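# Fold and geometry: a report
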Amino acid sequence: MLPELTLTELLEQTAAGTPVPGGGSLSALAAAMGAALAQMVAGLTIGRPRYIDAEPAMQALNASAQRLRKDLLAAMDRDAGAYTGVMAARKLPQTSGREKSLRDEAIQEAICEAARVPLSVAEMALEAMTLAHTAIRQGNPNALSDGAVGALFARAALQGAVYNVRINLQSIRNEDFRTRMTERATELEDRAAELEAAIKTDINL
């Protein structure tokens, strides 16, 4: 389980020259780090009299970020599993016409899953960006830079996840699936760009 590795172990496995963990799993981790930093700002705001007006928003942020971190860490293993599924499908026997057909179907489904997983990571990364934006706007101003770093992690995670979506879509023959996934990926990119611009304005450092 990737989330259970120490940081050193995770980096060593990533650097080892093996397919997993790769960019997909680490994009999920980056988004989780972004959510954690947003939650940190909430924790530095909650319970402080001078920020009492922000208390409801920070309490809600704290709960959302905690859930999101858990889901994103789970997505690290889901992404690795999706890639492993593609490799397993490619190793299926193909000595007969029937076996070739079944293998081809299995490969296509596995690649579809390998596109679905990073798309879900991109969606969660956008949520992490949104939480970081709330932290920046309403949280303890002394932790402004922490919220900003959280937003940056989430932004990078979203783009990294979308890259993984797009590269897998190149191998998928189902045009309807490709169109729907491409449209959603583009929508997430556009929303992230808009949010990034708003965050930069609010940071004003």
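Here's a quick rundown of the structure. (Residues numbered from 1 in each chain as written. Predicted model: local features only at pLDDT ≥ 70, side-chain atom pairs only at ≥ 80, totals over all residues. Heavy atoms only, no water.)

## Focus: the overall build of the chain
So the rule is basically this: What counts as a helix is a DSSP run of H or I of at least four residues, what counts as a strand is a run of E of at least two, and both are numbered from the N terminus. Whether a residue is buried, partly exposed or exposed follows from its accessible area with a 1.4 Å probe, protein chains only, as a fraction of its type maximum: under 20%, in between, or over 50%, in that order. A contact between two residues is defined here by any heavy atoms of the two lying within 4.5 Å. Surface accessibility in these figures is a Shrake-Rupley result with a 1.4 Å probe; residues are shielded only by whichever protein chains are displayed. When charges are tallied, Lys and Arg are placed among the positive residues and Asp and Glu among the negative ones, while His and the ends of the chain are skipped. Taken as the charge location is NZ of Lys, CZ of Arg, CG of Asp or CD of Glu.
Scanning the chain from terminus to terminus reveals six helices and zero strands. For the chain, the N- to C-terminal ordering of α and β elements is α-α-α-α-α-α. When the backbone C-alpha atoms are referred to their principal axes, the chain occupies close to 75 × 35 × 25 Å. In the chain, which comprises 205 residues, the proportion classed as buried is 43%. Taking contacts inside the chain between residues at least 6 apart in sequence as the whole, the part at least 24 apart equals 74%. When the accessible surface of the chain is split by element, carbon and sulfur atoms take 54% of a total near 10,700 Å². Both charge centroids of the chain, one from 21 positive and one from 25 negative side chains, sit 2 Å from each other.

## A short note on the packing of helix H5 (residues 144-169) against helix H6 (residues 175-203)
Our working rule: Comment: axis = line fitted to C-alpha atoms, over the contacting stretch for helices; angle = value between 0 and 180 degrees taken between N-to-C directions. In these notes the angle categories are as follows: under 35 degrees is roughly parallel, over 145 is roughly antiparallel, 65 to 115 is roughly perpendicular, and the rest is oblique. Whether a crossing is left-handed or right-handed is set by the direction in which the near helix is turned from the far one by less than a right angle, anticlockwise for left-handed and clockwise for right-handed. Think of it as three bins: nonpolar holds Ala, Val, Leu, Ile, Met, Phe, Trp, Tyr, Cys and Pro, charged holds Asp, Glu, Lys and Arg, and polar takes everything else, Gly as well.
The N-to-C vectors of H5 and H6 enclose an angle of 160°; their axes lie 10 Å apart at closest approach. In terms of orientation, H5 and H6 fall into the roughly antiparallel class. Regarding H5 and H6, the two cross each other, and that crossing is left-handed. Across the contact of H5 with H6, the residue classes break down as 15 nonpolar, three polar and five charged.

## A few points about the pattern of salt bridges
So the rule is basically this: In what follows, salt bridge is the name for a side-chain nitrogen of Lys or Arg lying within 4 Å of a carboxyl oxygen of Asp or Glu.
If you walk through the whole model with that rule in mind, you get 13 salt bridges. In this structure, the salt-bridge partner of arginine 173 is aspartate 104, at a minimum N-O distance of 2.4 Å. Here arginine 173 is found in the loop between H5 and H6, whereas its partner aspartate 104 is found in helix H4 (residues 97-138), with 69 residues between them in sequence. What makes arginine 173 exposed here is its relative accessible area of 51%. The class of aspartate 104 is partly exposed, set by a relative accessible area of 30%. Between glutamate 113 and arginine 116 there is a salt bridge whose closest N-O contact spans 3.1 Å. With glutamate 113 and arginine 116 both in helix H4 and three residues apart, the pair spans about one turn of that helix.

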